[in-house]
Amino acid sequence: MTHNTLAAAPGLPRPERIRWLEQYDWWLLSALASLLAVGIIMVFSASYYEGLLRAVPDGFYFLKRQLLWLIVGLAVFLVAAAVPHRIWQSLSPAMFIVACLGLIAVLAVGTRAFGSQRLLFGASFQPSEIMKIVMIFYTSHWLDSKGEKLRDNNTGLYPFSLFTAFVAILLVLQPDITMAILISTTAFALFFLASRNLRQLLWVGILFAILIVATATLYPYMTERILDFKESFADPLNSASWQERNTARAAVRGGLFGAGPGQGEMKTLWVVLPWTDSVFAVIGEETGFTGSIAVVGLYAVVAWRGLSIAARATTLFRQLSAVGLIFMLTTQALLHVCVVLNITPVTGMTLPFVSFGGSSLVTWLGAMGVLVNIDHTTRTQANP
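Within each chain, residue numbers correspond to sequence positions counted from 1 in written order. It should be noted that, the model being predicted, local features are given only for residues of pLDDT at least 70 and side-chain atom pairs only at 80 or more, the latter also being counted only at that level, while totals for whole chains, interfaces and linings use all residues. With hydrogens and water set aside, each side-chain value is computed from the structure's full complement of heavy atoms.

Some words on the overall build of the chain
Link 1 in the chain: What counts as a helix is a DSSP run of H or I of at least four residues, what counts as a strand is a run of E of at least two, and both are numbered from the N terminus. In terms of helices and strands, the chain carries 14 helices and two strands.
Link 2 in the chain: Restricting the calculation to C-alpha atoms gives the radius of gyration, and the globule rule supplies 2.2 Å times the number of residues raised to the power 0.38. In terms of C-alpha radius of gyration, the chain reaches 21 Å, essentially the compact-globule figure of 21 Å for 384 residues.
Link 3 in the chain: Taking all 384 residues of the chain together, 50% fall into the buried category.
Link 4 in the chain: Only heavy atoms matter for contacts: two residues are in contact if any of them lie within 4.5 Å across the pair. Considering only contacts in the chain between residues 6 or more positions apart, those separated by 24 or more positions represent 69%.
Link 5 in the chain: Computed by Shrake-Rupley with a 1.4 Å probe, the accessible areas treat only the displayed protein chains as cover when residues are assessed. Accessible area of the chain: about 17900 Å², with a carbon and sulfur share of 70%. Working definition: with a 1.4 Å probe on protein chains only, accessible area under 20% of the residue-type maximum means buried, over 50% means exposed, and in between means partly exposed.

Structure below.
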């Protein structure tokens, strides 16, 4: 009797059906489904006005595109969940090379938008979104293959730093500084989780600080963002910065229960990119403090279940992959929320599963599919 086919579950005898249900983390799946539902509702609400302003007015323009990407993403999720994670592990070096070629292609022939060159194929595909997931699997595979050699700088830290720096440089050249920091931080967090060498951690921390200062000097807009944040941090509602002031005002206008879905006003003229970079501000205005906390709670559930999966995993690759995915997911979500609340400088990070964007939605759903497969494998091995 197979327990992998979802369609077969309703016809199973009751004991077998219960056993099949126990092979999946329904807390995780329920939280993901809830975030996707929130995303569809908020993308429609936040983008309807913008859709009417297009050359061919269509208030449903962004919603239809997001629904299409959701269908593609769910298909990718099911494939990733069905394919044994060992295959993704073995393919990770090839996937890493392809992802690097994608970043190089962006620099050569990419589409420029909002001051950066990050997109391919007519602004419909962002290779960095692929790289951030591939980097986790490749890093986990590389660390798993090294074993105790990680503690030797010549075979561990130095080569690891080289290929991580290569990826970061390709991202900085776009420029996509925040993505470069997010990917590099996640990669080195996994490195030290595997090596457990505090001296290496200290040296990399110092190097990181130097490189961030150097990058801020190279790209003046980073310094401007930091200065804007410093000026608006004490009183964001009256900040001189348009983006900081209006996202903060939108987030607090909802009060306890919000104005109601579709009833927010700030998204029409005042909030920058409310369907992507500032979608949490729309959530705050339309669902209030209660809805905002509920959305944050959904990410907390995903993090809790993801770390539980990592704790139960029986191989280093499974452990590192699960931790890496959860670390990057929660960090990205936290950065998005903190930017809206003026707790950190503007980063341009989208809210995973909620913000508009096909590349992000499909890759994150694929990543969660691999996480589900890791969990399923661990459960079936424990209870064959």
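Remarks on the environment of R305
Link 1 in the chain: Locating R305 in the fold gives a position in helix α12 (residues 279-312).
Link 2 in the chain: When the C-alpha positions of R305 and I293 are compared, they lie 18 Å apart, and in sequence the two are twelve residues distant.
Link 3 in the chain: In this view, R305 contacts D25, W27, L28, R312 and R379; residues no more than four positions away in its chain are not counted.

Here's the deal with the pattern of salt bridges
Where charged atoms of side chains with opposite charge meet at close range, the side chains can pair.
Link 1 in the chain: Just to be clear on terms, a salt bridge is a Lys or Arg side-chain nitrogen sitting within 4 Å of an Asp or Glu carboxyl oxygen. Scanning all chains against the criterion turns up nine salt bridges.
Link 2 in the chain: E265 is paired through a salt bridge with R253; the nearest N and O atoms lie 3.3 Å apart. Here R253 lies in helix α10 (residues 242-253) and E265 lies in the loop between α10 and α11 (266-269), a separation of twelve residues in the sequence.
Link 3 in the chain: Here K267 makes a salt bridge to E286, at a shortest N to O gap of 2.6 Å. Taken together, the positions of K267 in helix α11 and E286 in helix α12 put the pair 19 residues apart, joining distant regions of the chain. An identical accessibility class is assigned to K267 and E286; each is buried.

Digging into the packing of aromatic side chains
Link 1 in the chain: Aromatic pairs are defined between Phe, Tyr and Trp rings, using the six-membered ring for Trp, whenever the two ring centres lie within 6.5 Å; interplanar angles under 30 degrees are classed as stacked, those over 60 as edge-to-face, and all others as tilted. Summed over the entire model, instances satisfying the criterion amount to 19 aromatic pairs.
Link 2 in the chain: Arranged with centres 5.2 Å apart and planes meeting at 90°, the rings of Y61 and F62 form a pair that is edge-to-face.
Link 3 in the chain: Look at Y61 and you get partly exposed, because its relative accessible area is 23%.
Link 4 in the chain: Taking the centre distance of 5.0 Å and the plane angle of 40° together, the rings of F62 and W275 count as tilted. One end of the pair, F62, is in helix α3 (residues 61-82); the other, W275, is in the loop between α11 and α12, with 213 residues separating them in the sequence.
Link 5 in the chain: For F62, a relative accessible area of 6% gives the class buried.
Link 6 in the chain: Members of the aromatic cluster, each reached through a chain of ring pairs, are F96, Y138, W142, F160, F163, F188, F191 and F192.
Link 7 in the chain: Consider the ring centre and the ring normal. A charge sits over the ring if Lys NZ or Arg CZ is within 6 Å of that centre and within 35 degrees of that normal. When the ring centre of Y61 is taken as reference, the NZ or CZ atom of R54 above it lies at 3.8 Å.
Link 8 in the chain: Against the face of W304 rests R305, its NZ or CZ located 4.5 Å from the ring centre.

Some remarks on the packing of helix α2 (residues 26-52) against helix α14 (residues 358-382)
Link 1 in the chain: Where helices are involved, their axes are fitted lines through C-alpha atoms of the stretch in contact, as for all axes, and angles between N-to-C directions lie from 0 to 180°. It is the contact of α2 with α14, at a shortest axis distance of 12 Å, that shows an interaxial angle of 170°. Judged by the inter-axis angle, α2 sits roughly antiparallel to α14. Across from L28, L29, L32 and L36 in α2, the residues of α14 making contact are L361, L365, M368, L371 and V372. By definition in this entry, angles of less than 35 degrees are roughly parallel, angles greater than 145 are roughly antiparallel, angles of 65 to 115 are roughly perpendicular, and the rest are oblique.

Structural notes on a nonpolar patch on the surface
Link 1 in the chain: Residues Y49, L53, W242, L269 and W270 make up a contiguous nonpolar surface patch of roughly 520 Å² in combined accessible area.
Link 2 in the chain: Looking at the secondary structure, you find W270 in the loop between α11 and α12. For patch building, the residue pool is restricted to those with more than 30% relative accessible area and no salt bridge; the joining distance is 9 Å between like charges and 5 Å between nonpolar side chains (Val, Leu, Ile, Met, Phe, Trp, Tyr).

Topic: unusual backbone geometry
Link 1 in the chain: Looking along the chain, the bond that leaves Q174 and enters P175 is cis, with omega of -10°.
Link 2 in the chain: Structurally, the position occupied by P175 is in the loop between α6 (157-172) and α7 (177-195).
Link 3 in the chain: Even without being glycine, R196 reaches a positive phi, approximately 55°.
Link 4 in the chain: Relative to the elements of secondary structure, R196 occurs in the loop between α7 and α8 (198-218).

Focus on helix α13 (residues 316-340)
Link 1 in the chain: Expected helix span is taken as 1.5 Å per residue step, with the number of steps being one fewer than the number of residues. If you check α13, its first and last C-alpha atoms are 36 Å apart, about what 25 residues at 1.5 Å a residue would give, namely 36 Å.
Link 2 in the chain: The first or second residue beyond α13 is N342, which carries a positive phi of 60°.

Comments concerning the side chain of H85
Link 1 in the chain: Here H85 lies in helix α4 (residues 85-109).
Link 2 in the chain: Contacts of H85, omitting those with residues within four sequence positions, involve F317, R318, V370, N373, I374 and T377.

Structural notes on α12
Link 1 in the chain: Counted at 1.5 Å a residue, the expected span for α12 with its 34 residues is 50 Å, but the 34 Å between its end C-alpha atoms falls short.
Link 2 in the chain: One fitted axis covers the seven residues ending at a residue, a second covers the seven starting there, and the bend at that residue is the angle between these axes. Largest kink in α12: about 125°, centred on T287.

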